[in-house]
Amino acid sequence: MEIFLIIFLFLPLLSIFGIRHITFLGLGNLKALLYLNTMIIAQGGIILSVFFNEYSPGYMFIDHYYNLYAFDGISVLFLVITGILTSICIISLCEYVKIDQRGKTTLKLLLGIQFVLINFFLSKDFLLLYIWFEATLPLLFLLILLGGERNIKLRSSYMLFLYTLFFSFFSLSTILYVTGIVGSSDILEIIIFDYTPLQQYVIFLGFLISFSVKIPSAPFHVWLPHAHVEASTLGSILLAGIILKLGGYGIFRMMLPITPISYDLDANYALILAYLSVINVSLILLTEIDLKRLIAYFSIVHMNISLIGLFSGAKIALVGSVGTMVSHSLVASALFVCIGILYERFQIRNMTYYGGLFNTSSTFSTFFFILILANFSFPLTFGFWPELLIYAGLSLTSYFDLSVILFSTIFSLIASIGAFTKIFFCKLSLFVFFFKGLTNSEFYLLNLSVGLNFLFGFMPMTYLEYINRRLIFC
Amino acid sequence: MKDLFIFYLLMPEIFFLIGNLFLFLFLFFSSSYANPKYIRECSMFFTFLINIYTLFLYFLNKKTSIVFFHQMFIITPYTLIFKIILLFLATLVLLILFLPSAYETRWRETLFIMQITTFGFLSSMLVANFILLYLSLELSSLGAYILAIDNSAKTRFESAIKYFFFTYDCFCIFYLSLIGFYDGFASFNILEIHALSDFNFSQTLAANNIFYLQCYLAYHLFKAAVVPFHLWLADVYENTTSILTAYFAVVSKCVAFYHLFAIFGVFPAAYLFISNTYWALGLISIIIGTFSVFKQTNLKRIFAFSSLTHTGIILILISSGTREGLTLALFYFISYALGSIAFFTTLESFMNKEKTLSLGLLDHLKSLAQLRDIRGFLFALTLFSFAGIPPLLGFFSKLFLVEYLVQEGFFFIFSYFCYLYNF
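Residues numbered from 1 in each chain as written. Chains lettered and ligands numbered in written order. Predicted model: local features only at pLDDT ≥ 70, side-chain atom pairs only at ≥ 80, totals over all residues. Heavy atoms only, no water.

Student: I keep staring at the packing of aromatic side chains and nothing clicks. Help me out?
Tutor: The relative placement of two aromatic rings is captured by the distance of their centres and the angle of their planes. Residue and element names in this part refer to chain A. Using the criterion set out here, one finds 93 aromatic pairs over all chains in the structure. Between F115 and W132, the aromatic rings sit 5.7 Å apart at their centres with planes inclined by 80°, giving edge-to-face as the arrangement. Here the residue F115 occupies a position in helix α4 (residues 101–122), and W132 occupies one in helix α5 (residues 126–147), the gap between them amounting to 17 residues. You'll find F115 and W132 in the same group, each marked buried. A centroid spacing of 5.6 Å and a plane angle of 25° characterise the contact between F364 and F435, whose relative ring orientation is stacked. One end of the pair, F364, is in helix α15 (residues 362–375); the other, F435, is in the loop between α17 (399–424) and α18 (440–458), with 71 residues separating them in the sequence. What makes F435 buried here is its relative accessible area of 3%. One residue, K292, lies across the ring of Y343, its end atom 6.0 Å from the ring centre. Taking the ring centre of F435 as reference, the NZ or CZ of R345 above it sits at 5.0 Å. (Phe/Tyr/Trp six-rings, centres within 6.5 Å; stacked < 30°, edge-to-face > 60°. Helix = DSSP H or I, 4+ residues; strand = E, 2+ residues; numbered from the N terminus. Buried < 20%, exposed > 50% of the residue type's maximum accessible area, 1.4 Å probe, protein only. Lys NZ or Arg CZ within 6 Å of the ring centre and 35° of its normal.)

Student: Honestly, helix α10 (residues 233–255) of chain A in this entry has me stumped. Any pointers?
Tutor: Turn by turn, an α-helix covers 3.6 residues, leaving residues three or four places apart pointing in a common direction. Residue and element names in this part refer to chain A. With 23 residues, α10 ought to run about 33 Å at 1.5 Å a step, and its terminal C-alpha atoms sit 32 Å apart, in line with that. At L239, α10 shows its maximal bend, which comes to roughly 40°. Counting buried residues along α10, 23 of its 23 residues qualify, which places the element largely inside the surrounding structure. (Expected span 1.5 Å × (residues − 1). Bend = angle between axes of the 7 residues up to and from the residue.)

Student: Help me out: how do you make sense of the confidence of the model for chain B in this one?
Tutor: Any segment with low pLDDT has predicted coordinates that should not be analysed in fine detail. All names here are of chain B. A residue-level look at chain B finds 84% of positions with pLDDT of 70 or above and a mean pLDDT of 81. Averaged pLDDT values over the elements of chain B bottom out at 50 in helix α17 (residues 413–420) and peak at 90 in helix α4 (residues 77–95). Predicted complex, confidence summary: ipTM 0.74, pTM 0.84. (pLDDT = per-residue confidence, 0-100.)

Student: Would you explain the environment of B:L244 in this entry?
Tutor: All names here are of chain B. Within the secondary structure, L244 is located in helix α11 (residues 242–266). Its relative accessible area of 1% is what places L244 among the buried residues. With 231 residues separating them along the chain, L244 and E13 place their C-alpha atoms 22 Å apart. Dropping the residues within four chain positions of it, L244 is found in contact with T110, M114, L147 and D150. (Contact = heavy atoms within 4.5 Å.)

Student: What am I meant to see in the pattern of salt bridges here?
Tutor: Working definition: two side chains of opposite charge can pair if their charged atoms are close together. In total, this model carries 7 salt bridges over all chains according to the counting rule given. A salt bridge links A:R349 to A:D290, with the shortest nitrogen-to-oxygen separation between them at 3.5 Å. Taken together, the residues A:R349 in the loop between α14 (315–346) and α15 and A:D290 in the loop between α12 (267–287) and α13 (291–311) connect sequence positions 59 residues apart. As a salt-bridge pair, B:K162 and B:D235 come within 2.3 Å of each other at their nearest N and O atoms. Of this pair, B:K162 sits in helix α7 (residues 156–185) while B:D235 sits in helix α10 (residues 231–239), and the two are 73 residues apart along the sequence. When salt bridges with common partners are traced through the structure, they connect B:K162, B:D235, B:E238 and B:R301 into a single cluster. (Salt bridge = Lys/Arg side-chain N within 4 Å of Asp/Glu carboxyl O.)

Here it is in structure tokens:
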């Protein structure tokens with residue numbers, strides 16, 4: 001079975017090698033190779049998740065040679081997301097970017113990020129988790145620098161880099177502290193160990209500070225809108241879809257299992273951060289006119305709602321929290337694809353310039369409308385059920401918190417519907433007549449996203465039950 | 001006969017000197033029918049072979065120290081390890097000469113002087129006598145002066161004169177320390193001084209001895225470019241060609257670190273004093289290097305201040321005076337040296353024949369990504385490694401450093417924290 005691990009770990013690297021040497025076979029083969037790569041990762045993950053660890057909550061397929069890598073129900077879930085998102089990225093890249101030297105460099109960076117992410121989700125060792133967590137940074141940094149058009153991209157990439165790197169120092173020192181206590185950095189040995197309340201407090205705070213930058217929570221969220229605005233469509237999809245989840249996954253994997261006492265006593269620190277950012281960012285949403293920035297702020301709201309679910313103390317909210325991460329990664333990336341469709345045609349992100357787009361492309365506007373509905377968690381969409389679980393979990397603990405959150409989500413509803421009406425229905429702007437409809441691959445891409453959205457919206461138990469089974473140890 | 005047999009310990013130096021002399025005689029007087037590139041390769045190969053031989057010596061004398069020729073020379077395992085590292089790094093630095101832009105009219109002289117300087121460094125590790133130590137260091141410094149001025153930058157005279165005067169100041173202080181040691185211990189021999197030092201440092205002479213010890217350390221601290229002696233650093237780095245900057249940053253520092261560590265063995269009674277000095281100077285170096293690096297427009301100056309920080313860290317590691325500290329210091333130094341060589345190799349490869357980029361101004365290096373070249377990516381990787389981003393080598397050296405510092409005491413973390421601002 002360890003052959004699966006090896007395939008997963010080294011497939012992206014093989015593809016990078018292939019990009020360099022397959023050019024003599026023509027562009028079609030290159031695309032085929034890339035699709036094959038991502039399909040194996042995505043579908044392999046699905047197959048593994050369905051067949052191999054049906055009722056097992058713990059690690060499987062531990063690599064017995066080095067004892068560093070292993071599968072888990074949750075990591076397989078994120079592996080599937082990585083595969084799907086990378087394939088979306090590759091399709092959109094092949095659609096918009098000419099595969100010249102620059103396009104190839106972008107592809108290599110993309111596959112490099114895929115490699116790093118797969119390693120991150122499969123690693124079973126605290127230090128290794130940290131290493132792969134950080135290794136996404138230089139690649140994203142280069143991706144933003146390659147994709148952006150304006151000079152301000154330098155500033156945003158610096159911000160991305162320095163924010164995460166500076167605060168990950170806390171994470172590193174905490175990891176060293178933990179390994180110093182336990183004497184090993186293996187996750188299974190670290191979970192078993194009994195920590196004193198003071199030790200748990202230190203570990204809790206150290207991890208919380210460093211992961212709240214990646215999520216990102218309110219005082220540390222400044223880098224995210226900048227990075228989104230300057231990144232290309234592909235960079236935005238990756239950032240919103242999977243990079244933000246590293247923070248949640250890190251909390252879930254590294255912090256919660258070893259700090260049960262602090263989870264009861266000190267969860268308020270995390271909750272205050274999350275509430276503050278939800279309220280703050282919901283209000284910012286009302287004034288935002290930049291489309292990418294808007295979706296970036298939406299991601300902050302969703303990820304912080306997920307953070308609330310993680311720390312609310314109810315099992316049902318925990319399931320909802322992981323579900324929110326999954327649903328948000330699909331919905332946000334699909335929305336970024338939509339914005340990419342607009343941006344590639346008109347080179348404008350300011351939504352006030354668009355108007356009456358419904359008249360020229362009703363298909364696109366329908367897709368966009370469904371995705372916007374999913375974005376503010378309309379019933380029977382992908383985003384609805386997990387958030388419902390979070391609210392249900394919150395109602396067990398505090399009605400005041402629940403009312404605050406529900407009140408602030410109204411703002412995000414106003415903002416999404418406002419953005420939709422401004423783009424598709426307000427005063428007709430002339431240049432939208434140049435919108436000649438969707439291309440084939442765009443159509444199928446949006447079909448795929450909306451289809452998945454409806455599938456999981458109508459049958460939520462398919463994945464919520466799956467997550468629930470894997471969270472037995474929490 | 002037995003005395004002659006002991007020559008096998010001196011073979012690296014002897015072969016290094018004689019071999020290089022022959023090669024260069026061949027180089028200067030018969031260049032009409034010998035391909036100069038061939039000589040360059042030979043020189044590198046020769047250094048490499050001697051490195052292999054030194055490795056062999058190390059496996060022979062893993063545990064013991066050998067004193068020979070009337071206590072004139074001493075070989076310890078630490079010496080051999082440092083020698084291996086030195087020769088390895090010197091070989092790597094010579095690799096930069098293979099780049100087309102480094103191939104200029106005066107490369108023969110540069111190569112010759114570099115090898116002679118390396119010989120001086122090698123022999124300075126071997127000797128057990130302060131006079132001989134002085135002579136070999138002087139030999140290496142003579143080469144270094146010429147190397148510092150041997151380029152086409154406009155401000156090279158200023159930097160070279162700065163280097164020259166600083167070195168001579170330090171040499172004068174070095175004389176003073178020799179006189180002082182002779183005054184205190186009535187010998188120039190390191191072994192005899194070592195035997196007497198326990199007694200003398202605890203007597204009334206201690207204050208004098210510590211002063212002379214300071215004088216001795218000053219020279220090596222100057223070579224390693226630690227804070228009070230760092231003023232030449234940025235200027236010399238800025239005004240030399242890439243290969244020589246790599247030489248100054250890597251080979252010269254390796255020897256300085258060796259002597260800074262070896263002094264623990266000579267004066268074990270002064271352990272606290274030496275350790276505290278290193279610690280304080282290292283910390284100040286880290287802080288000054290960190291805050292000077294901002295607002296610099298020249299890549300080589302940035303590198304100079306960054307290397308000041310690295311030196312500070314290595315000095316703090318050496319200050320422990322223990323085997324673990326030295327092991328970590330060596331690992332850190334090797335990762336730093338490999339990074340530096342990669343940095344200068346890529347920097348040199350960007351330069352054109354006219355050397356318009358030779359000053360390393362950041363403005364000249366703008367938009368390297370437009371070149372669509374693997375070199376740009378490699379350069380970025382090198383810089384990321386310096387910044388300590390995982391999974392590159394620079395990260396692991398800093399990781400081990402932090403682990404070690406956590407064991408030693410928590411306040412040390414501060415220095416690393418300062419370092420974090422470095423990029």
